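One letter stands for each residue in the lines below.
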Amino acid sequence: MSTHPLQRPGHDPGHDRVIPLGERRTASGDEAAQRLRYPAVIVLCLTQLILVIDNSVVNVALPQIRHALGFSATGLSWVVTSYALVFGGLVLLSGKVGAIIGPRRTLLIGVSIFTVASALGGAATSPAMLIAARVLQGLGAALAAPGVLVLLMSITKPGPQRTRAMSVFVLSIGIGAGLGLVLGGLLTTSLGWEWVMFVNIPVGLVVLAGVRLLVPEAPRAPARLDVGGAVASTIGMTALVYGLINAESQGWASASVLVSFALAVAGLLALVLIERRHLAPVVPLEFFTRMRSAAPLLAMMLIPAGQAGFLYFAALFTQNALGFTPLQTGLSVLPFSAALLVTNLLTSRLVTRHGERIVGSLGMSALLAGLVWMSRIDATDTFASGLLGPFLLLGLGAGLTVAPLTAVIMNQAPPARLGAASSLNQAMQQLGGALGLAVMTTVYGAAAAGAGEAGAIATALTAGVVFPLLALTLFATWARSTTTTR
(Lines give C-alpha, C1' and ligand atoms only; values in the text may rest on other atoms or scores of the structure.)
Protein backbone atom coordinates (compact mmCIF):
# COMPACT_ATOMS: atom_id res chain seq x y z
CA MET A 1 0.00 0.00 0.00
CA SER A 2 1.51 3.31 -1.08
CA THR A 3 1.82 6.32 1.18
CA HIS A 4 0.10 9.54 0.13
CA PRO A 5 2.60 12.36 -0.46
CA LEU A 6 0.94 14.52 2.19
CA GLN A 7 1.81 11.88 4.76
CA ARG A 8 5.53 11.89 4.12
CA PRO A 9 7.54 13.87 6.66
CA GLY A 10 9.11 17.01 5.20
CA HIS A 11 7.00 16.87 2.06
CA ASP A 12 6.08 20.07 0.22
CA PRO A 13 2.56 19.51 -1.16
CA GLY A 14 2.81 22.50 -3.48
CA HIS A 15 5.87 21.25 -5.36
CA ASP A 16 5.74 17.48 -4.73
CA ARG A 17 9.25 17.30 -3.35
CA VAL A 18 10.93 16.60 -0.06
CA ILE A 19 12.11 19.73 1.72
CA PRO A 20 15.82 19.46 2.59
CA LEU A 21 16.61 19.50 6.29
CA GLY A 22 18.50 22.81 5.99
CA GLU A 23 15.51 24.51 4.39
CA ARG A 24 13.22 23.17 7.10
CA ARG A 25 15.48 24.67 9.76
CA THR A 26 15.55 27.99 7.94
CA ALA A 27 11.77 28.12 7.66
CA SER A 28 11.40 27.24 11.32
CA GLY A 29 13.92 29.95 12.24
CA ASP A 30 12.01 32.51 10.19
CA GLU A 31 8.79 31.68 12.01
CA ALA A 32 10.57 31.98 15.36
CA ALA A 33 12.02 35.31 14.30
CA GLN A 34 8.53 36.56 13.46
CA ARG A 35 7.28 35.51 16.88
CA LEU A 36 10.20 37.23 18.60
CA ARG A 37 9.54 40.56 16.87
CA TYR A 38 6.44 41.44 18.89
CA PRO A 39 8.59 43.21 21.52
CA ALA A 40 9.90 45.32 18.64
CA VAL A 41 6.32 46.38 17.85
CA ILE A 42 5.94 47.58 21.45
CA VAL A 43 9.19 49.56 21.27
CA LEU A 44 8.17 51.26 18.03
CA CYS A 45 4.73 52.12 19.38
CA LEU A 46 6.38 53.52 22.53
CA THR A 47 8.25 55.87 20.18
CA GLN A 48 4.96 57.05 18.71
CA LEU A 49 3.51 57.38 22.21
CA ILE A 50 6.11 59.88 23.42
CA LEU A 51 5.70 61.97 20.25
CA VAL A 52 1.92 62.11 20.76
CA ILE A 53 2.15 62.80 24.48
CA ASP A 54 4.42 65.75 23.84
CA ASN A 55 1.62 67.43 21.89
CA SER A 56 -0.62 67.54 24.99
CA VAL A 57 1.54 67.18 28.10
CA VAL A 58 2.86 70.73 27.82
CA ASN A 59 -0.60 72.34 27.62
CA VAL A 60 -1.43 71.67 31.27
CA ALA A 61 1.85 73.25 32.42
CA LEU A 62 1.50 76.48 30.42
CA PRO A 63 0.31 78.69 33.33
CA GLN A 64 3.29 77.62 35.48
CA ILE A 65 5.68 78.05 32.53
CA ARG A 66 4.44 81.59 31.95
CA HIS A 67 4.90 82.53 35.60
CA ALA A 68 8.32 80.85 35.97
CA LEU A 69 9.97 82.12 32.79
CA GLY A 70 8.16 85.43 32.27
CA PHE A 71 6.40 84.72 28.97
CA SER A 72 4.00 87.28 27.56
CA ALA A 73 0.43 86.17 26.85
CA THR A 74 1.08 85.99 23.09
CA GLY A 75 4.58 84.57 23.41
CA LEU A 76 3.35 81.66 25.52
CA SER A 77 1.50 80.14 22.53
CA TRP A 78 4.87 79.53 20.84
CA VAL A 79 5.69 76.88 23.43
CA VAL A 80 3.04 74.76 21.70
CA THR A 81 3.10 76.06 18.12
CA SER A 82 6.88 75.95 17.60
CA TYR A 83 6.86 72.16 18.10
CA ALA A 84 3.91 71.59 15.75
CA LEU A 85 5.31 73.99 13.17
CA VAL A 86 8.69 72.26 12.83
CA PHE A 87 7.19 68.77 13.10
CA GLY A 88 4.60 69.40 10.39
CA GLY A 89 6.99 71.33 8.16
CA LEU A 90 9.86 68.83 8.09
CA VAL A 91 8.13 65.44 8.27
CA LEU A 92 7.94 65.01 4.47
CA LEU A 93 11.64 65.75 4.07
CA SER A 94 12.60 63.37 6.88
CA GLY A 95 10.72 60.49 5.26
CA LYS A 96 12.86 60.87 2.15
CA VAL A 97 16.03 61.02 4.25
CA GLY A 98 14.93 57.83 6.02
CA ALA A 99 14.41 56.02 2.73
CA ILE A 100 17.97 56.90 1.68
CA ILE A 101 19.97 56.30 4.88
CA GLY A 102 17.58 53.81 6.49
CA PRO A 103 14.42 54.39 8.60
CA ARG A 104 15.96 52.74 11.69
CA ARG A 105 18.98 55.04 11.59
CA THR A 106 16.80 58.10 11.05
CA LEU A 107 14.54 57.07 13.94
CA LEU A 108 17.51 56.67 16.26
CA ILE A 109 18.87 60.08 15.27
CA GLY A 110 15.45 61.66 15.73
CA VAL A 111 14.81 60.13 19.17
CA SER A 112 18.33 61.14 20.27
CA ILE A 113 17.68 64.76 19.25
CA PHE A 114 14.25 64.68 20.89
CA THR A 115 15.68 63.36 24.17
CA VAL A 116 18.50 65.92 24.31
CA ALA A 117 16.05 68.70 23.47
CA SER A 118 13.77 67.56 26.30
CA ALA A 119 16.66 67.88 28.75
CA LEU A 120 17.44 71.37 27.46
CA GLY A 121 13.77 72.35 27.71
CA GLY A 122 13.50 71.22 31.33
CA ALA A 123 16.65 73.21 32.17
CA ALA A 124 15.43 76.36 30.37
CA THR A 125 15.77 79.63 32.27
CA SER A 126 14.32 81.98 29.66
CA PRO A 127 11.53 82.00 27.06
CA ALA A 128 14.03 81.95 24.19
CA MET A 129 15.78 78.87 25.57
CA LEU A 130 12.53 76.94 26.00
CA ILE A 131 11.24 77.81 22.52
CA ALA A 132 14.59 76.80 21.01
CA ALA A 133 14.32 73.47 22.83
CA ARG A 134 10.79 72.99 21.50
CA VAL A 135 12.00 73.67 17.94
CA LEU A 136 14.70 71.03 18.45
CA GLN A 137 12.08 68.62 19.80
CA GLY A 138 10.01 69.17 16.66
CA LEU A 139 13.04 68.40 14.50
CA GLY A 140 13.65 65.17 16.39
CA ALA A 141 9.97 64.18 16.16
CA ALA A 142 9.91 64.87 12.42
CA LEU A 143 12.95 62.64 11.90
CA ALA A 144 11.64 59.81 14.09
CA ALA A 145 7.94 59.68 13.16
CA PRO A 146 8.00 58.35 9.55
CA GLY A 147 10.34 55.49 10.48
CA VAL A 148 7.88 54.06 13.01
CA LEU A 149 5.37 52.92 10.38
CA VAL A 150 8.01 51.84 7.86
CA LEU A 151 9.69 49.62 10.45
CA LEU A 152 6.33 48.25 11.64
CA MET A 153 5.61 47.23 8.06
CA SER A 154 9.02 45.62 7.67
CA ILE A 155 8.81 43.40 10.78
CA THR A 156 5.22 42.19 10.34
CA LYS A 157 3.49 40.01 7.77
CA PRO A 158 0.44 41.22 5.82
CA GLY A 159 -2.83 40.03 7.30
CA PRO A 160 -3.82 39.50 10.95
CA GLN A 161 -0.28 40.00 12.29
CA ARG A 162 0.08 43.41 10.66
CA THR A 163 -3.46 44.37 11.66
CA ARG A 164 -2.63 43.61 15.31
CA ALA A 165 0.53 45.72 15.05
CA MET A 166 -1.49 48.61 13.59
CA SER A 167 -3.98 48.27 16.45
CA VAL A 168 -1.16 48.66 18.98
CA PHE A 169 0.10 51.66 16.98
CA VAL A 170 -3.35 53.29 17.08
CA LEU A 171 -3.67 52.50 20.78
CA SER A 172 -0.42 54.40 21.42
CA ILE A 173 -1.90 57.44 19.65
CA GLY A 174 -5.23 57.31 21.49
CA ILE A 175 -3.75 56.67 24.92
CA GLY A 176 -1.10 59.32 24.31
CA ALA A 177 -3.73 62.00 23.75
CA GLY A 178 -5.40 61.31 27.10
CA LEU A 179 -2.31 60.27 29.02
CA GLY A 180 -0.56 63.51 28.10
CA LEU A 181 -3.20 65.54 29.94
CA VAL A 182 -3.17 63.25 32.99
CA LEU A 183 0.62 63.06 33.10
CA GLY A 184 0.96 66.81 32.62
CA GLY A 185 -1.37 67.48 35.54
CA LEU A 186 0.40 65.00 37.83
CA LEU A 187 3.92 66.19 37.03
CA THR A 188 3.10 69.89 37.13
CA THR A 189 1.27 69.57 40.45
CA SER A 190 3.81 67.35 42.21
CA LEU A 191 7.24 68.10 40.69
CA GLY A 192 6.95 71.33 38.70
CA TRP A 193 6.58 72.24 35.03
CA GLU A 194 10.18 71.18 34.22
CA TRP A 195 9.17 67.53 34.50
CA VAL A 196 6.82 67.66 31.52
CA MET A 197 10.16 67.90 29.65
CA PHE A 198 12.39 65.74 31.85
CA VAL A 199 9.95 62.79 31.70
CA ASN A 200 10.94 62.24 28.06
CA ILE A 201 14.55 61.46 29.00
CA PRO A 202 14.12 57.98 30.56
CA VAL A 203 11.50 57.02 27.99
CA GLY A 204 13.75 58.18 25.17
CA LEU A 205 16.65 56.13 26.53
CA VAL A 206 14.43 53.03 26.72
CA VAL A 207 13.35 53.56 23.11
CA LEU A 208 16.95 53.98 21.92
CA ALA A 209 18.06 50.79 23.67
CA GLY A 210 15.00 48.85 22.51
CA VAL A 211 15.33 49.87 18.86
CA ARG A 212 19.03 48.98 18.83
CA LEU A 213 18.40 45.55 20.38
CA LEU A 214 15.09 44.51 18.83
CA VAL A 215 14.39 46.32 15.56
CA PRO A 216 16.28 45.38 12.37
CA GLU A 217 16.92 47.95 9.68
CA ALA A 218 14.43 48.04 6.79
CA PRO A 219 15.61 48.01 3.16
CA ARG A 220 16.88 51.34 1.92
CA ALA A 221 16.10 52.95 -1.43
CA PRO A 222 19.36 54.56 -2.64
CA ALA A 223 18.55 57.59 -4.76
CA ARG A 224 19.43 61.20 -5.27
CA LEU A 225 17.89 63.44 -2.64
CA ASP A 226 15.10 65.47 -4.16
CA VAL A 227 16.47 68.82 -2.98
CA GLY A 228 14.00 70.96 -4.92
CA GLY A 229 11.01 68.91 -3.79
CA ALA A 230 12.30 68.83 -0.22
CA VAL A 231 12.70 72.62 -0.10
CA ALA A 232 9.31 73.26 -1.76
CA SER A 233 7.48 70.79 0.50
CA THR A 234 9.15 72.14 3.64
CA ILE A 235 8.31 75.76 2.74
CA GLY A 236 4.76 74.86 1.73
CA MET A 237 4.06 72.69 4.78
CA THR A 238 5.69 75.11 7.25
CA ALA A 239 3.83 78.12 5.83
CA LEU A 240 0.51 76.27 5.82
CA VAL A 241 0.89 75.01 9.40
CA TYR A 242 2.01 78.48 10.53
CA GLY A 243 -1.01 80.11 8.91
CA LEU A 244 -3.45 77.59 10.38
CA ILE A 245 -1.97 77.83 13.87
CA ASN A 246 -2.06 81.64 13.93
CA ALA A 247 -5.36 82.16 12.10
CA GLU A 248 -7.41 82.07 15.31
CA SER A 249 -5.27 84.45 17.34
CA GLN A 250 -4.41 86.93 14.56
CA GLY A 251 -7.49 86.56 12.36
CA TRP A 252 -7.92 84.77 9.04
CA ALA A 253 -7.64 88.07 7.15
CA SER A 254 -4.52 89.35 8.94
CA ALA A 255 -1.49 90.18 6.80
CA SER A 256 0.79 87.54 8.33
CA VAL A 257 -1.78 84.76 7.90
CA LEU A 258 -2.57 85.75 4.30
CA VAL A 259 1.13 85.89 3.45
CA SER A 260 1.59 82.45 5.03
CA PHE A 261 -1.24 80.97 2.96
CA ALA A 262 0.09 82.60 -0.23
CA LEU A 263 3.56 81.19 0.48
CA ALA A 264 2.02 77.78 1.17
CA VAL A 265 0.18 77.80 -2.16
CA ALA A 266 3.33 78.88 -4.00
CA GLY A 267 5.39 76.18 -2.28
CA LEU A 268 2.87 73.44 -2.99
CA LEU A 269 2.50 74.50 -6.66
CA ALA A 270 6.28 74.45 -7.00
CA LEU A 271 6.29 71.01 -5.40
CA VAL A 272 3.88 69.65 -8.01
CA LEU A 273 5.94 71.05 -10.87
CA ILE A 274 9.20 69.66 -9.45
CA GLU A 275 7.83 66.23 -8.53
CA ARG A 276 6.38 65.66 -12.02
CA ARG A 277 9.94 65.47 -13.37
CA HIS A 278 11.91 63.89 -10.53
CA LEU A 279 12.67 60.16 -10.63
CA ALA A 280 12.69 59.82 -6.83
CA PRO A 281 10.24 62.48 -5.58
CA VAL A 282 9.86 63.32 -1.91
CA VAL A 283 6.07 63.37 -2.50
CA PRO A 284 5.08 60.80 -5.17
CA LEU A 285 2.24 62.41 -7.12
CA GLU A 286 0.75 59.02 -7.97
CA PHE A 287 -0.68 58.96 -4.44
CA PHE A 288 -3.05 61.75 -5.52
CA THR A 289 -3.82 60.84 -9.13
CA ARG A 290 -6.43 58.23 -8.16
CA MET A 291 -9.13 58.64 -5.56
CA ARG A 292 -8.49 55.09 -4.34
CA SER A 293 -5.12 56.20 -2.91
CA ALA A 294 -5.93 59.89 -2.33
CA ALA A 295 -9.18 59.33 -0.37
CA PRO A 296 -7.57 57.51 2.61
CA LEU A 297 -4.89 60.21 2.87
CA LEU A 298 -7.49 62.97 2.82
CA ALA A 299 -9.54 61.06 5.41
CA MET A 300 -6.42 60.81 7.59
CA MET A 301 -6.25 64.62 7.53
CA LEU A 302 -9.94 65.09 8.36
CA ILE A 303 -10.17 62.63 11.29
CA PRO A 304 -7.57 64.46 13.48
CA ALA A 305 -9.29 67.74 12.55
CA GLY A 306 -12.38 66.64 14.47
CA GLN A 307 -10.49 64.90 17.29
CA ALA A 308 -8.24 67.89 18.05
CA GLY A 309 -11.32 70.04 18.45
CA PHE A 310 -13.13 67.66 20.79
CA LEU A 311 -10.12 67.34 23.12
CA TYR A 312 -9.51 71.10 23.15
CA PHE A 313 -13.11 72.05 23.87
CA ALA A 314 -13.54 69.27 26.42
CA ALA A 315 -10.66 70.87 28.35
CA LEU A 316 -12.30 74.29 28.06
CA PHE A 317 -15.71 73.06 29.23
CA THR A 318 -14.42 71.04 32.18
CA GLN A 319 -12.21 73.86 33.49
CA ASN A 320 -14.25 76.97 32.61
CA ALA A 321 -17.79 75.63 33.02
CA LEU A 322 -17.40 72.77 35.50
CA GLY A 323 -14.50 74.21 37.52
CA PHE A 324 -12.22 71.18 37.13
CA THR A 325 -8.53 71.40 38.02
CA PRO A 326 -5.98 70.53 35.30
CA LEU A 327 -5.53 67.08 36.85
CA GLN A 328 -9.29 66.48 36.97
CA THR A 329 -9.51 67.53 33.33
CA GLY A 330 -6.86 64.98 32.41
CA LEU A 331 -8.64 62.25 34.36
CA SER A 332 -11.94 63.13 32.67
CA VAL A 333 -10.52 62.00 29.31
CA LEU A 334 -9.83 58.48 30.63
CA PRO A 335 -13.24 57.10 29.47
CA PHE A 336 -12.20 58.01 25.91
CA SER A 337 -8.88 56.17 26.31
CA ALA A 338 -10.57 53.19 27.99
CA ALA A 339 -13.11 52.83 25.16
CA LEU A 340 -10.30 53.05 22.63
CA LEU A 341 -8.33 50.37 24.51
CA VAL A 342 -11.27 47.94 24.61
CA THR A 343 -12.05 48.53 20.93
CA ASN A 344 -8.44 47.90 19.92
CA LEU A 345 -8.65 44.42 21.40
CA LEU A 346 -11.36 43.63 18.84
CA THR A 347 -10.26 45.64 15.81
CA SER A 348 -7.74 43.15 14.39
CA ARG A 349 -10.34 40.36 14.44
CA LEU A 350 -13.00 42.59 12.92
CA VAL A 351 -10.67 43.73 10.13
CA THR A 352 -9.62 40.15 9.40
CA ARG A 353 -13.27 39.10 9.13
CA HIS A 354 -14.83 42.13 7.45
CA GLY A 355 -11.98 44.17 5.90
CA GLU A 356 -10.65 47.66 6.55
CA ARG A 357 -13.33 49.46 4.54
CA ILE A 358 -16.31 48.21 6.56
CA VAL A 359 -14.59 48.51 9.96
CA GLY A 360 -13.13 51.94 9.21
CA SER A 361 -16.47 53.25 7.94
CA LEU A 362 -18.17 51.98 11.10
CA GLY A 363 -15.56 53.76 13.21
CA MET A 364 -15.97 57.03 11.34
CA SER A 365 -19.74 56.77 11.78
CA ALA A 366 -19.19 56.44 15.55
CA LEU A 367 -16.85 59.46 15.53
CA LEU A 368 -19.46 61.46 13.65
CA ALA A 369 -22.22 60.44 16.06
CA GLY A 370 -20.03 61.19 19.10
CA LEU A 371 -19.17 64.68 17.87
CA VAL A 372 -22.82 65.42 17.03
CA TRP A 373 -23.80 64.26 20.54
CA MET A 374 -21.13 66.38 22.19
CA SER A 375 -22.20 69.43 20.13
CA ARG A 376 -25.56 69.38 22.00
CA ILE A 377 -23.83 70.35 25.27
CA ASP A 378 -25.23 73.31 27.24
CA ALA A 379 -24.58 75.22 30.46
CA THR A 380 -26.80 72.94 32.57
CA ASP A 381 -24.85 69.78 31.70
CA THR A 382 -22.57 67.96 34.10
CA PHE A 383 -19.70 65.70 33.13
CA ALA A 384 -21.98 62.64 33.30
CA SER A 385 -24.80 64.16 31.24
CA GLY A 386 -22.77 66.14 28.70
CA LEU A 387 -19.40 64.46 28.18
CA LEU A 388 -19.28 60.86 29.38
CA GLY A 389 -21.47 59.39 26.64
CA PRO A 390 -19.75 61.28 23.78
CA PHE A 391 -16.31 60.37 25.19
CA LEU A 392 -17.17 56.65 25.15
CA LEU A 393 -18.58 56.84 21.61
CA LEU A 394 -15.60 58.87 20.35
CA GLY A 395 -13.17 56.36 21.89
CA LEU A 396 -15.05 53.52 20.25
CA GLY A 397 -14.92 55.30 16.90
CA ALA A 398 -11.21 56.15 17.15
CA GLY A 399 -10.35 52.54 17.94
CA LEU A 400 -12.22 51.32 14.87
CA THR A 401 -11.00 54.05 12.52
CA VAL A 402 -7.30 54.82 12.64
CA ALA A 403 -5.90 51.27 12.43
CA PRO A 404 -7.86 50.32 9.28
CA LEU A 405 -7.21 53.74 7.74
CA THR A 406 -3.46 53.50 8.41
CA ALA A 407 -3.39 49.92 7.09
CA VAL A 408 -5.04 50.94 3.81
CA ILE A 409 -2.58 53.83 3.32
CA MET A 410 0.50 51.74 4.04
CA ASN A 411 -0.53 48.44 2.44
CA GLN A 412 -1.43 49.94 -0.91
CA ALA A 413 1.84 51.91 -1.14
CA PRO A 414 4.54 50.29 -3.35
CA PRO A 415 7.48 48.91 -1.30
CA ALA A 416 9.78 51.62 -2.65
CA ARG A 417 7.32 54.31 -1.49
CA LEU A 418 6.74 53.17 2.10
CA GLY A 419 8.81 56.03 3.53
CA ALA A 420 6.87 58.58 1.50
CA ALA A 421 3.55 57.01 2.51
CA SER A 422 4.51 57.08 6.19
CA SER A 423 5.62 60.71 5.96
CA LEU A 424 2.40 61.72 4.22
CA ASN A 425 0.40 59.84 6.86
CA GLN A 426 2.12 61.81 9.65
CA ALA A 427 1.96 65.10 7.71
CA MET A 428 -1.76 64.75 7.08
CA GLN A 429 -2.36 64.21 10.80
CA GLN A 430 -0.39 67.35 11.72
CA LEU A 431 -2.15 69.41 9.06
CA GLY A 432 -5.54 68.04 10.04
CA GLY A 433 -5.09 68.83 13.72
CA ALA A 434 -3.99 72.39 12.95
CA LEU A 435 -6.79 72.89 10.41
CA GLY A 436 -9.54 71.58 12.66
CA LEU A 437 -8.42 73.53 15.70
CA ALA A 438 -8.00 76.76 13.71
CA VAL A 439 -11.47 76.52 12.14
CA MET A 440 -13.26 75.49 15.32
CA THR A 441 -11.56 78.04 17.59
CA THR A 442 -12.38 80.78 15.09
CA VAL A 443 -16.06 79.76 15.22
CA TYR A 444 -15.83 79.59 19.02
CA GLY A 445 -14.37 83.09 19.24
CA ALA A 446 -17.08 84.54 16.99
CA ALA A 447 -19.88 82.88 18.99
CA ALA A 448 -18.49 83.51 22.50
CA ALA A 449 -19.80 87.07 22.87
CA GLY A 450 -23.46 86.24 22.33
CA ALA A 451 -23.79 82.55 23.21
CA GLY A 452 -21.75 82.24 26.40
CA GLU A 453 -19.10 79.61 27.11
CA ALA A 454 -21.20 76.47 26.66
CA GLY A 455 -23.08 77.87 23.67
CA ALA A 456 -19.85 78.88 21.91
CA ILE A 457 -18.36 75.43 22.50
CA ALA A 458 -21.52 73.78 21.12
CA THR A 459 -21.39 76.02 18.03
CA ALA A 460 -17.72 75.23 17.41
CA LEU A 461 -18.29 71.48 17.77
CA THR A 462 -21.25 71.70 15.37
CA ALA A 463 -18.94 73.25 12.78
CA GLY A 464 -16.45 70.45 13.44
CA VAL A 465 -19.00 67.77 12.51
CA VAL A 466 -18.17 68.40 8.84
CA PHE A 467 -14.70 66.84 9.25
CA PRO A 468 -15.68 63.25 10.17
CA LEU A 469 -18.63 63.49 7.75
CA LEU A 470 -16.30 64.25 4.83
CA ALA A 471 -13.83 61.58 5.98
CA LEU A 472 -16.59 58.96 6.09
CA THR A 473 -17.81 59.93 2.62
CA LEU A 474 -14.33 59.71 1.10
CA PHE A 475 -13.33 56.47 2.80
CA ALA A 476 -16.61 54.59 2.31
CA THR A 477 -16.78 55.59 -1.35
CA TRP A 478 -13.24 55.05 -2.60
CA ALA A 479 -11.18 53.03 -0.11
CA ARG A 480 -10.57 49.36 -0.86
CA SER A 481 -9.72 46.74 1.75
CA THR A 482 -6.22 45.27 1.56
CA THR A 483 -6.73 42.49 4.12
CA THR A 484 -8.01 39.15 2.92
CA THR A 485 -11.35 38.53 4.62
CA ARG A 486 -12.83 35.22 5.51
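Right, let's walk through the structure included here.

## Regarding the overall build of the protein
Part 1 of the argument: The number of helices and strands found in the protein is 17 helices and two strands.
Part 2 of the argument: Rg of the C-alpha trace for the protein: 23 Å, near the compact-globule value of 23 Å for 486 residues, within the 12% margin.
Part 3 of the argument: In terms of principal-axis extent, the alpha carbons of the protein reach across some 90 × 50 × 45 Å.
Part 4 of the argument: Buried positions account for 54% of the 486 residues belonging to the protein.
Part 5 of the argument: Looking at the protein alone, contacts between residues at least 24 apart form 81% of all its contacts between residues at least 6 apart.

## A word on the environment of Val-372
Part 1 of the argument: Positionally, Val-372 belongs in helix α14 (residues 356-374).
Part 2 of the argument: Overall, the relative accessible area of 37% leaves Val-372 in the partly exposed class.
Part 3 of the argument: Separated by 90 residues in sequence, Val-372 and Thr-462 have C-alpha atoms that sit 6.7 Å apart.

## Details of empty space enclosed by the protein
Part 1 of the argument: In this structure the tally under the stated criterion is one cavity of 30 Å³ or more.
Part 2 of the argument: Computed from the structure, the largest cavity encloses a volume of approximately 60 Å³.
Part 3 of the argument: Taken together, Leu-302, Ile-303, Gly-306, Gln-307, Phe-310, Leu-367, Leu-371, Leu-394 and Pro-468 make up the full set of residues lining the largest cavity.
Part 4 of the argument: Listed by contribution, the elements that provide at least two residues to the lining of the largest cavity are α11 (291-321) and α14.

## Structural notes on the environment of Leu-345
Part 1 of the argument: Inspection of the secondary structure assignment puts Leu-345 in helix α13 (residues 334-354).
Part 2 of the argument: By relative accessible area, Leu-345 is classed as exposed at 60%.
Part 3 of the argument: C-alpha of Leu-345 to C-alpha of Ser-167: the two residues are 178 residues apart in sequence and 7.8 Å apart in space.

Criteria and cut-off values
Along each chain, numbering runs from 1 in the same order as the chain's sequence is written. Local features in a predicted model are, by the rule used here, given only for residues with pLDDT of at least 70; side-chain atom pairs are given and counted only at 80 or more, and totals for whole chains, interfaces and linings are based on all residues. Calculated side-chain values reflect all of the structure's heavy atoms, with hydrogen atoms and water omitted. Helix numbers and strand numbers start at the N terminus; a helix is a DSSP run of H or I with at least 4 residues, a strand a run of E with at least 2. Using C-alpha atoms as the atom set, the radius of gyration is obtained and then compared with a globule rule of 2.2 Å times the number of residues to the power 0.38. Throughout this description, buried means an accessible area under 20% of the type-specific maximum (1.4 Å probe, protein chains only), exposed means over 50%, and partly exposed covers the range between. Residues are treated as being in contact if the distance between any of their heavy atoms lies within 4.5 Å. Definitions used throughout: a 1 Å grid over protein atoms alone; a cavity as a set of points that fits a 1.4 Å probe which cannot get out; a pocket as an open set with protein on both sides within 12 Å along at least five of seven lines; a lining residue as one with an atom within 4 Å of a point. Grid points are joined across faces, edges and corners, and a volume is the space filled by probe spheres set on the points.

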